[in-house]
Amino acid sequence: NAGVTQTPKFQVLKTGQSMTLQCAQDMNHNSMYWYRQDPGMGLRLIYYSASEGTTDKGEVPNGYNVSRLNKREFSLRLESAAPSQTSVYFCASNREHNSPLHFGNGTRLTVT
Amino acid sequence: SQQGEEDPQALSIQEGENATMNCSYKTSINNLQWYRQNSGRGLVHLILIRSNEREKHSGRLRVTLDTSKKSSSLLITASRAADTASYFCASGSGNTPLVFGKGTRLSVIA
């Protein structure tokens with residue numbers, strides 16, 4: 001039982017490059033989330049998917065897109081990376097809104 | 001921002017002492033949750049307290065909730081070096097995602 005798995009663990013991009021962060025959960029959860037964590041800012045919600053087939057913007061969606069590929073997988077795409085997107089990205093899932101979240105171990109992204 | 005706030009931002013105590021962290025939130029809630037984050041890892045859920053509860057215990061953890069003040073506290077009794085981590089509160093309301101605070105960094109010195 002792996003829980004929430006994120007890939008890659010580390011990534012360095014140059015400004016303007018694109019990449020997709022992958023996330024998969026094996027707990028049959030309905031809802032999935034992408035957060036970014038920056039020093040002194042706590043966790044900020046980028047996008048979420050309340051159920052398969054739906055996605056919604058969170059607090060800081062600009063510069064990102066998401067795809068809920070199926071119930072298990074939720075990907076985050078940076079189309080044109082900027083230095084301001086240097087951060088640690090966490091994927092999380094839960095059975096429904098307000099139930100306990102299960103987190104992956106994060107992707108550490110540096111944009112130069 | 002809808003984020004709540006934890007207080008203090010950082011806390012350093014000796015092993016064996018109690019650690020108290022506070023959280024304030026902004027909207028009416030269904031529940032309030034506390035999470036722990038070890039360095040370089042994802043957050044781990046610790047405890048959930050519902051809006052109609054005032055106190056909840058789990059092992060060495062004690063959580064209180066005061067909905068009139070929109071605040072919660074997390075008490076860790078008899079702290080250990082292994083409790084060193086960041087602790088976050090998250091408020092759940094309606095049919096919206098959890099809103100996290102900025103966290104308290106706890107250092108327990110052996």
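Parameters at a glance
Residues numbered from 1 in each chain as written. Chains lettered and ligands numbered in written order. Predicted model: local features only at pLDDT ≥ 70, side-chain atom pairs only at ≥ 80, totals over all residues. Heavy atoms only, no water. Helix = DSSP H or I, 4+ residues; strand = E, 2+ residues; numbered from the N terminus. Buried < 20%, exposed > 50% of the residue type's maximum accessible area, 1.4 Å probe, protein only. Contact = heavy atoms within 4.5 Å. Lys, Arg positive; Asp, Glu negative; His and termini not counted. Charge placed at Lys NZ, Arg CZ, Asp CG, Glu CD. pLDDT = per-residue confidence, 0-100. Buried area = accessible area lost by both parts, 1.4 Å probe. Salt bridge = Lys/Arg side-chain N within 4 Å of Asp/Glu carboxyl O.

Q: What exactly am I supposed to notice about the overall build of chain A here?
A: Within chain A, the secondary structure is distributed over 0 helices and 11 strands. From first element to last, N terminus to C terminus, chain A shows the α and β order β-β-β-β-β-β-β-β-β-β-β. Looking at chain A as a whole, 49% of its 112 residues qualify as buried. A separation threshold of at least 6 residues defines the contact pool for chain A, and within that pool the share at least 24 residues apart is 55%. Here chain A contributes 11 positively and 8 negatively charged side chains, and the mean placements of these two sets differ by 6 Å.

Q: What exactly am I supposed to notice about the confidence of the model for chain B here?
A: Low pLDDT marks regions whose predicted coordinates should not be analysed in detail. Chain-level pLDDT for chain B is 93 on average; 96% of the residues reach the 70-or-more range. Across chain B, strand β7 (residues 61-66) of chain B holds the top mean pLDDT of 98, while strand β1 (residues 5-7) of chain B sits lowest at 84.

Q: Please clarify how the interface of chain B and chain A should be interpreted in this entry.
A: Much of the literature gives interface size as the accessible area that the parts lose upon coming together. Taken together, the contact between chain B and chain A spans 24 residues of the former and 21 residues of the latter. Taking both sides of the interface into account, the surface hidden between chain B and chain A amounts to around 1,700 Å²; carbon and sulfur atoms contribute 53%. Remark: the boundary between chain B and chain A carries 0 salt bridges. Counting residues per element, the ones that place at least two in the side of chain B that touches chain A are β4 (31-37), β5 (43-50) and β9 (85-92) of chain B. Per-element tally for the side of chain B that touches chain A: the top contributor is β4 of chain B, with 4 residues.

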